[in-house]
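This is what each chain is made of:
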Amino acid sequence: MKKYILTGLLVWLPLAITIWVLMNVVGTLDGVFAWVVVAAQTVLPESLRPLLQDLRNIPGLSVIVVVTALWLTGVAVTNMAGQWILNQSNRMFSNIPIVKSIYTSVKQVSDTLFSSSGQAFREAVLVQYPRAGSWTIAFVTGKPSGEVAQHLPADMVTLYVPTTPNPTSGFMLMVPRADVVALHMSVDEALKYIISMGVVAPPPSAAPGSLPPVTPTTQS
């Protein structure tokens, strides 16, 4: 009986967690959308309030609104007028005390992570951490720059070593490129491997990275 219960749990657990996460995301968006509707009801004419209230009661409408708003924003900033507005807004936020430190930092990180020309989290590698002979998976986030790069050798890479099973926290390392082993697995496969604590292993690659040779031990 225990065997069958565990088997059924393994079938339903991924689906239940997926639904739970999606419901939380949709619930958060619905809450924000409801706040926007309430703010609009206080500004717009009273004749439009029943319509806004009906929109507020439609479940999941916030997801469509957010996706549409993101798409329209992306379309708008691809032309000259949109770029000008974006530059002016960036300049405005960059001149507001306290706000500029938060906004500038978040913008630099987001531009680095999500830029199509960036290399952050585009490559999974093996690195010896936390000691020699102990290997873990890391992600290449770039190269040392600025003052830090002036004190380091030329061929260095910056790595993010995530923790398991929560990869949102981790450690930043700067190591020589020669000390890391490139992996042919995708970033998604590497994340699955980390989150599952090594249980969900990706399929072997046809051209795996070369680890340092291990000297076999013999028993006399």
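Higher on the page you've got the structure.
Since the model is a prediction, treat every value here as computed from it, not as a measurement.

Engineer: Can you help me understand the packing of aromatic side chains in this one?
Structural biologist: Each aromatic ring pair is specified by the distance between its two centres and by the angle formed by the two planes. Per the counting criterion, the structure on display carries one aromatic pair. Plain terms: the ring middles of tyrosine 129 and phenylalanine 171 are 5.8 Å apart, the flat faces sit at 45 degrees to each other, and that makes the pair tilted. Within this pair, whereas tyrosine 129 is found in the loop between strand S1 (124-128) and strand S2 (135-142), its partner phenylalanine 171 is found in strand S4 (residues 170-176), the two being separated by 42 residues in sequence. On the accessibility criterion, phenylalanine 171 (43% relative accessible area) is partly exposed.

Engineer: So what exactly am I meant to see when it comes to the packing of helix H1 (residues 2-43) against helix H3 (residues 61-76) here?
Structural biologist: Pairs of packed helices are described in terms of their axes, by the angle between the two and the distance that separates them. Put simply, H1 and H3 touch, their axes get as near as 8 Å, and they point 80 degrees apart. Taken together, H1 and H3 sit at an angle that is classed as roughly perpendicular. Contact with H1, carried on its side by Val26, Leu29, Asp30 and Phe33, involves Leu61, Ser62, Val63, Val65 and Val66 of H3 and no other residues of that element.

Engineer: I tried to follow the side chain of threonine 158 on my own but got confused; where do I start?
Structural biologist: By secondary structure assignment, the location of threonine 158 is in strand S3 (residues 156-162). For threonine 158, a relative accessible area of 8% puts it in the buried group. In this view, threonine 158 contacts Phe139, Val140, Thr141, Gly142, Lys143, Pro144, Met172, Leu173 and Met174; residues no more than four positions away in its chain are not counted.

Definitions and limits used
Residues numbered from 1 in each chain as written. Predicted model: local features only at pLDDT ≥ 70, side-chain atom pairs only at ≥ 80, totals over all residues. Heavy atoms only, no water. Phe/Tyr/Trp six-rings, centres within 6.5 Å; stacked < 30°, edge-to-face > 60°. Helix = DSSP H or I, 4+ residues; strand = E, 2+ residues; numbered from the N terminus. Buried < 20%, exposed > 50% of the residue type's maximum accessible area, 1.4 Å probe, protein only. Axes fitted to C-alpha atoms, helices over the stretch in contact; angles between N-to-C directions. Parallel < 35°, antiparallel > 145°, perpendicular 65-115°, else oblique. Contact = heavy atoms within 4.5 Å.

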